[in-house]
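Here is what each chain is made of, one letter per residue.
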Amino acid sequence: MKLSVIIANYNYERFVGEAIDSALAIRGAETEIIVVDDGSTDQSWQVITSYGDRVIAIRQANAGQRVASNVGYARATGDWILFLDADDLVDPSIAEEVMRVATPDTCKVQFQMERVGGEGQQTGSRFPIYDPPPTPEKIRAWAIRLNAYPTPPGSGNVYARAYLDALFPLDNSCGETPDSALVTAAPFFGDVITVDKPLVHYRVHGANDSNLFAREGLFAREVARGHAKFLFAQRLAKTVGTKIPDSSFRKNLHVLQHRIPSVTLTPALHPLPWDNRYQLFKDIIRSTLVFDAMAVKRRIILLVWGVLTLISPRPIAEKLIRKRFRA
């Protein structure tokens, strides 16, 4: 096995060295580390080049994570690929776990991620919750019927090169974050294998892109991303003879959790013209009934949260949204 670890970095001088160190510590496979600095204006490049020939260092003008990932993938020679976020850390045993579970039909091996603080301190919080770990057949069925399945974001996945060659270079039809496209298309191109243990540390800090209260309109952005992923999935699935019904988007409980705050907090920025509170009421009830990709208890909690958010005055609704997204 040869594993290529591709790290796209932008202004993460504080973290990128630790990400590289964690990748260099991977055991059980031949490993190459490719670090693409996307026009950082801090001292990131100096940190990256301090590793000498232990990494392949590439510097480009700022063009975004998708372009940086395309550049890194073009240089990669591994038969398995990990896109490691520059602020995350990978467990040394990750390659061994891939080799333990992968088959010739595997296109993606996914893990749990453990949240850590900005300084790497443990939080005890893990995600996704696999209850129980789903089979590849179940994941494929969910992707068609519900437009979703339990999956970690970028660093929590290792991909087979045979699968990625069908997608790269990535265009912007699924947005500017590569994991959106890679995670979305995977079930239609092979088996997604789930390892129910945390093998990646997901660092939580103030600069995370996932901080949805950093500025106005980020919930609307997430809805737009979710809809773009749905259209991307429909198009890619069709190329391999699979049809995803239009109704599956409204059943997607993950996107629905962003649709509700988007309509509630910034209706003028909401990207779906057909969406409104009445539609959201119908969708939250229907989704919590049929979205069996999520445990019943969590669906009930989200149903109560969604209904209360939709019927509450703006100040109370905002508190409920902040509580849900821990802001």
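Coordinates for the structure precede this section.
Notes on the structure follow. Computed from a prediction, not measured in an experiment: that's the story for all the values here.

1. Some words on the overall build of the protein chain
Reasoning step 1: Broken down by element type, the protein chain carries 13 helices and 9 strands.
Reasoning step 2: In summary, the protein chain has a C-alpha radius of gyration of 20 Å against a globular reference of 20 Å for 327 residues, a match within 12%.
Reasoning step 3: Once the C-alpha set of the protein chain is aligned to its principal axes, its extents read approximately 60 × 45 × 35 Å.
Reasoning step 4: Relative to its full complement of 327 residues, the protein chain shows a buried share of 53%.
Reasoning step 5: Partitioning the intrachain contacts of the protein chain with sequence separation of at least 6 by distance along the chain shows that 73% fall at a separation of at least 24.
Reasoning step 6: A distance of 9 Å separates the average location of the 39 positive side-chain charges in the protein chain from that of its 35 negative side-chain charges.

2. Focus on the pattern of salt bridges
Any two side chains of opposite charge can pair, so long as their charged atoms come close to each other.
Reasoning step 1: Evaluation of the coordinates by the stated rule reveals 19 salt bridges.
Reasoning step 2: Where Glu32 meets Lys2, a salt bridge forms, and the shortest distance between an N and an O atom there is 3.8 Å. In this pair, Glu32 sits in strand E2 (residues 30–38) while Lys2 sits in strand E1 (residues 2–9), placing the two residues 30 residues apart along the sequence.
Reasoning step 3: Where Arg59 meets Asp37, a salt bridge forms, and the shortest distance between an N and an O atom there is 4.0 Å. Placement of the pair is Arg59 in strand E3 (residues 56–60) and Asp37 in strand E2, with a sequence separation of 22 residues.
Reasoning step 4: Asp37 sits in the buried class, given a relative accessible area of 0%.
Reasoning step 5: Several salt bridges converge on common partners, so that one network encompasses Arg259, Asp275, Asp283 and Arg286.

3. Description of the packing of aromatic side chains
Reasoning step 1: Here the structure, examined in full by the defined rule, presents 10 aromatic pairs.
Reasoning step 2: For the pair Phe83 and Phe168, a centre-to-centre distance of 5.8 Å together with 5° between the ring planes defines the contact as stacked. One end of the pair, Phe83, is in strand E4 (residues 80–83); the other, Phe168, is in the loop between helix H6 (161–164) and helix H7 (178–185), and 85 residues separate them in sequence.
Reasoning step 3: Assessed through its relative accessible area of 12%, Phe168 is described here as buried.
Reasoning step 4: Linked through ring pairs, Tyr73, Phe83 and Phe168 together constitute an aromatic cluster.
Reasoning step 5: Taking NZ or CZ as reference, Arg161 lies 4.7 Å from the ring centre of Tyr73, over its face.
Reasoning step 6: Here the guanidinium or amino end of Arg250 rests over the ring plane of Trp274, the centre of that ring lying 4.1 Å away.

4. Points about the nonpolar core
Reasoning step 1: Of all hydrophobic cores here, the largest spans 58 residues; its most connected members are Phe83, Tyr149, Tyr163, Leu164 and Leu182.
Reasoning step 2: Tallying contributions element by element places helix H8 (residues 218–239) first for this core, with 8 residues.
Reasoning step 3: The contact partners of Tyr149, leaving out residues within four places of it in the chain, are Lys108, Gln110, Ile139, Trp142, Ala143, Val183, Ala186, Pro187 and Val192.

5. Let's talk about a nonpolar patch on the surface
Reasoning step 1: A contiguous nonpolar patch, built from Val296, Ile300, Val304, Leu308 and Ile311 and spanning about 450 Å² of accessible area, is present on the exposed surface.
Reasoning step 2: Take Ile311: it is sitting in helix H12 (residues 296–311).

6. Here's the deal with the packing of helix H10 (residues 253–265) against helix H11 (residues 277–290)
Reasoning step 1: At a minimum axis distance of 11 Å, the contact between H10 and H11 shows a crossing angle of 155°. One finds that H10 runs roughly antiparallel with respect to H11. The two elements H10 and H11 meet at a crossing, and its hand is left-handed. In this structure, H10 uses Leu253, Leu256, Arg259, Ile260, Val263 and Thr264 to contact H11, whose residues at the interface are Arg277, Gln279, Leu280, Asp283, Ile284, Ser287 and Thr288.
Reasoning step 2: The residue inventory of the contact of H10 with H11, partitioned by class, reads 6 nonpolar, 4 polar and 3 charged.

7. Details of the layout of surface pockets
Reasoning step 1: Estimated volume of the second largest pocket: approximately 180 Å³.
Reasoning step 2: Every residue along the wall of the second largest pocket is listed here: Leu212, Phe213, Arg215, Glu216, Gly217, Leu218, Phe219, Leu265, Thr266, Arg314, Glu318 and Arg322.
Reasoning step 3: Of all the elements, helix H13 (residues 314–324) adds the most residues to the lining of the second largest pocket, at 3 residues.

What counts, and where the lines are drawn
Residues numbered from 1 in each chain as written. Predicted model: local features only at pLDDT ≥ 70, side-chain atom pairs only at ≥ 80, totals over all residues. Heavy atoms only, no water. Helix = DSSP H or I, 4+ residues; strand = E, 2+ residues; numbered from the N terminus. Rg over C-alpha atoms; globule rule 2.2 N^0.38 Å. Buried < 20%, exposed > 50% of the residue type's maximum accessible area, 1.4 Å probe, protein only. Contact = heavy atoms within 4.5 Å. Lys, Arg positive; Asp, Glu negative; His and termini not counted. Charge placed at Lys NZ, Arg CZ, Asp CG, Glu CD. Salt bridge = Lys/Arg side-chain N within 4 Å of Asp/Glu carboxyl O. Phe/Tyr/Trp six-rings, centres within 6.5 Å; stacked < 30°, edge-to-face > 60°. Lys NZ or Arg CZ within 6 Å of the ring centre and 35° of its normal. Core = buried A, V, L, I, M, F, W, Y, C linked by side-chain atoms within 4.5 Å. Patch = residues over 30% accessible without salt bridge, like charges linked within 9 Å, V, L, I, M, F, W, Y side chains within 5 Å. Areas by Shrake-Rupley, 256 points an atom, 1.4 Å probe, with all protein chains shown as cover. Axes fitted to C-alpha atoms, helices over the stretch in contact; angles between N-to-C directions. Parallel < 35°, antiparallel > 145°, perpendicular 65-115°, else oblique. Left-handed = near helix turned anticlockwise from the far one by under 90°. Nonpolar A, V, L, I, M, F, W, Y, C, P; charged D, E, K, R; others polar. 1 Å grid on protein atoms, 1.4 Å probe; cavity = no way out; pocket = protein on both sides within 12 Å on 5 of 7 lines; lining within 4 Å. Points joined across faces, edges and corners; volume = space filled by probe spheres on them.

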